[in-house]
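Fold and contact review
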Amino acid sequence: MMFLRVAWLVMRKDLTVEVRSREVLYTTAFFAVSCVLVFAFALVREGRPLEDAAAGILWIAIAFAGTLALGRTFERERHAETLRALMLAPASRPAIYVGKLLGILALLAAVEVVLVPLVGLLFHAAFLSRPVLMIALLVTGTGGFAAVGTLFAAMLVRARSRDVLLPVLLYPITIPVIIAGVRGTAALLQPVPDAEVARMWIALLAFFDIVFVTLSLWTFEPLMTE
Amino acid sequence: MTFDFDQVAVRDVSRHYGRRRALSHITFTCRAGEILGLLGPNGAGKSTLLSILATLLTPSAGEIRYGDRTANEAGPLLRARLGLLAHDLHLYPELTARENLEFFARLHGVADARARAAEGLERAGLASRANDIVTGFSRGMRQRLALERALLHDPRLLLLDEPFTGLDDASAAALVTRLRELRAERRLVVAATHDLDVADGLLDRAAVLRDGRLIAIDEGHGPLRERYRAHIARGALPGAQSLEPRAESPEPR
């Protein structure tokens, strides 16, 4: 009960801060939209996009925007060393990790609300032909990416070259998540959506999520102790 | 379940950052009802020592015992009894003064977080600015708010890093009064400061650090600034030794 209360407190604090500043949401959404527009100019010719490009563009935009959101969110905690104040609290440190993770997931969900229709529009992709499966893919894929990203971003918060190190550490580990997201999305974008294949990728993503969240909960406390 | 302690014993603590030595073989004891100063020039290791006392850093060697337990043995129970006012004030600039205090009070499991935050705002003289976001506050106002944040959960050990920074004379005097009240309540207070004029008469003892070494435990009389200069001058000589507090040292004032 205490665990959930602390996670809720941290998430609510992060969202309150974000609602006041809108810094991370605006920069992340702007970056993701710019990214999609550039790809649209490159990959859509005479109104016809490259086959399966939409799935790749969507997940690249999510990964890049997610990296930006992670960096900015923890930069905010570094600014007044508030992360140390969180670590000093008698609360469970894994609960603090879960709170930060939920805050980042909420931000990325808001970005995806803009991103999915935009990619759908520019790349003629029917993301909502199987809405439940698409939402499941987005939830599990974003969850896996953010689970590892939150751990690394917190760990690197005091590293001098954190902006460089975060993607260097994050992308190799989350490549399976991105690939699963892309393949699952591509299966749903076929002229006849392949629900079986999409379900298989969703199951794989759910497995990654369980592994990544478990490892992160296990390692957060020792990694945060200097 | 609660955890309490009457003294903090720092035993042969060293801390290294790679090859750089930040602290070397520090040994002293801080007792309940005492304000212990950490004095020394920039880079002496005061903030590192405070971070280790706050359990935010682990020592490379040696140990700190809070009563009869180490930080590892006491875990979150110990963190519930620690308050830290760091140089970076640990406040969210986008939140209001009230939201900051309520957030940290709830995080520390304080029973009536709202009432406690209101008390803190009153004591900090910020009740009229309670709903203003912290970004608009002066350094002194933030310092007062941060002190209340550190005290929200009634810590047994209060660690202060340059607590007088940015305070005007009236605020500094109010802080001195507050620290004396904490001493009277038999809390343990450790304060790192360069502000020797304000600290003079407030500190019961002072650990003087230089280049990561403890060069003296000062319990003397006379102007603190002169004693400090004498310790620093002596500490520069080769062979200067760490001093343990004298067994017959007087009770804290």
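Rules of the game
- Residues numbered from 1 in each chain as written.
- Chains lettered and ligands numbered in written order.
- Predicted model: local features only at pLDDT ≥ 70, side-chain atom pairs only at ≥ 80, totals over all residues.
- Helix = DSSP H or I, 4+ residues; strand = E, 2+ residues; numbered from the N terminus.
- Rg over C-alpha atoms; globule rule 2.2 N^0.38 Å.
- Buried ≥ 20, exposed ≤ 12 C-beta atoms within 10 Å, placed from the backbone.
- Contact = placed C-beta atoms within 7 Å.
- Domains from an automatic or database assignment.
- Core = buried A, V, L, I, M, F, W, Y, C linked by C-beta atoms within 7 Å.
- pLDDT = per-residue confidence, 0-100.
- Nonpolar A, V, L, I, M, F, W, Y, C, P; charged D, E, K, R; others polar.
- Axes fitted to C-alpha atoms, helices over the stretch in contact; angles between N-to-C directions.
- Parallel < 35°, antiparallel > 145°, perpendicular 65-115°, else oblique.
- Left-handed = near helix turned anticlockwise from the far one by under 90°.
- Expected span 1.5 Å × (residues − 1).
- Arc of directions from axis to C-beta.
- Bend = angle between axes of the 7 residues up to and from the residue.
- Pairing = 2+ DSSP bridges.

**Focus: the overall build of chain A**
Along the backbone of chain A there are eight helices and two strands. Listing each helix as α and each strand as β along chain A from the N terminus yields α-α-β-β-α-α-α-α-α-α. A compact globule built from 226 residues should have a C-alpha radius of gyration of about 17 Å, and chain A, at 18 Å, falls within 12% of that. The buried share among the 226 residues of chain A stands at 48%. Expressed as a percentage of contacts within chain A between residues at least 6 apart in sequence, the contacts between residues at least 24 apart total 85%.

**Digging into the overall build of chain B**
Secondary structure summary: chain B contains nine helices and 10 strands in total. Taken against the 2.2 N^0.38 rule, which gives 18 Å for 253 residues, the C-alpha radius of gyration of chain B at 18 Å falls within 12% of a compact globule. In terms of principal-axis extent, the alpha carbons of chain B reach across some 55 × 40 × 40 Å. Burial statistics for chain B: of 253 residues in total, 48% are counted as buried. For chain B, restricting intrachain contacts to residue pairs at least 6 apart in sequence, the fraction spanning at least 24 positions comes to 71%.

**Regarding the domain arrangement of chain B**
Residues and elements named next belong to chain B. Partitioning chain B into structural domains gives domain 1 (1-81 + 155-166 + 184-253) and domain 2 (91-154). Each of domain 1 and domain 2 has a C-alpha centre, and the two are 27 Å apart. Contacts between domain 1 and domain 2 engage six residues on the former and nine residues on the latter.

**Concerning the nonpolar core**
Among the nonpolar cores identified, the biggest contains 153 residues, and Leu58 of chain A together with Leu159 and Val190 of chain B are the most heavily contacted of them. Shared between two domains, this core takes at least three residues from each, and those domains are domain 1 (1-81 + 155-166 + 184-253) and domain 2 (91-154) of chain B.

**As for the confidence of the model for chain B**
Residues and elements named next belong to chain B. Of the residues in chain B, 92% reach a pLDDT of 70 or more, and the chain-wide mean stands at 87. Highest mean pLDDT in chain B belongs to helix α4 (residues 97-107) (95); lowest belongs to helix α9 (residues 224-235) (82). Scored below 50 in pLDDT, residues 237-253 makes 23 contacts in the model with residues more than four places away or belonging to other chains. On the interface metric, ipTM, the complex scores 0.87, and its pTM is 0.87.

**Side note on the interface of chain B and chain A**
Each partner contributes residues to the interface: chain B has 26 residues there, and chain A has 19 residues. Of all the secondary-structure elements, those providing two or more residues to the side of chain B that touches chain A are α3 (76-79), β6 (82-85) and α4 of chain B. The element that contributes the greatest number of residues to the side of chain B that touches chain A is α4 of chain B, accounting for five residues. Partitioning the side of chain B that touches chain A into residue classes produces 17 nonpolar, four polar and five charged.

**A few points about the packing of helix α1 (residues 2-21) of chain A against α4 of chain B**
The interhelical angle for the contact between α1 of chain A and α4 of chain B, taken along N-to-C directions, is 160°, at an axis separation of 10 Å. Taken together, the axes of α1 of chain A and α4 of chain B are roughly antiparallel relative to one another. Relative to α4 of chain B, the crossing made by α1 of chain A is left-handed. Between α1 of chain A and α4 of chain B, the residues in contact are Val6, Leu9, Lys13 and Thr16 of chain A and Glu99, Phe103, Arg106 and Leu107 of chain B, respectively.

**Brief notes about helix α2 (residues 23-43) of chain A**
All names here are of chain A. Spanning 21 residues, α2 covers 30 Å between terminal C-alpha atoms, matching the ideal 30 Å at 1.5 Å per step. Considered for burial, the residues of α2 that qualify are Val24, Thr28, Ala29, Ala32, Val36 and Phe39. Buried residues of α2, seen end-on, are gathered within an arc of 115° and therefore sit on one face of the element. Among the exposed residues of α2, those oriented more than 90 degrees off its buried face are Tyr26, Ser34, Leu37, Val38 and Phe41. The inward-facing, buried residues of α2 contact α1, α3 (53-79) and α5 (93-122).

**Topic: helix α8 (residues 195-224) of chain A**
Residue and element names in this part refer to chain A. Taking 1.5 Å of rise per residue, the 30 residues of α8 would be expected to cover 44 Å, and the 41 Å separating its terminal C-alpha atoms lies within 8% of that figure. At Trp218, α8 is bent by approximately 35°, the largest bend along its length, and proline Pro222 sits one to four residues beyond. Three or more residues of α8 are buried, namely Ala198, Trp201, Ile202, Leu205, Phe208, Asp209, Phe212, Val213, Ser216 and Phe220. In this fold, the buried residues of α8 make contact with α5, α6 (131-155) and α7 (162-188).

**Digging into the environment of Asp154 of chain B**
All names here are of chain B. Relative to the elements of secondary structure, Asp154 occurs in the loop between α6 (139-151) and β7 (157-161). In this structure Asp154 comes out as partly exposed when scored by C-beta crowding, with 14 C-beta atoms within 10 Å. Along the sequence, Asp154 and Gly120 sit 34 residues apart, while their C-alpha atoms lie 11 Å from each other.

**Let's talk about the pairing of β6 of chain B**
Residues and elements named next belong to chain B. The alternating pattern of β6 places Leu82 and Leu84 on one face and Gly83 and Leu85 on the opposite face, and all of these are buried. As judged from the four bridges shared by β6 and β7, these two strands associate in the parallel manner. Bridging from a neighbouring strand, Leu85 pairs with Leu160 of β7.

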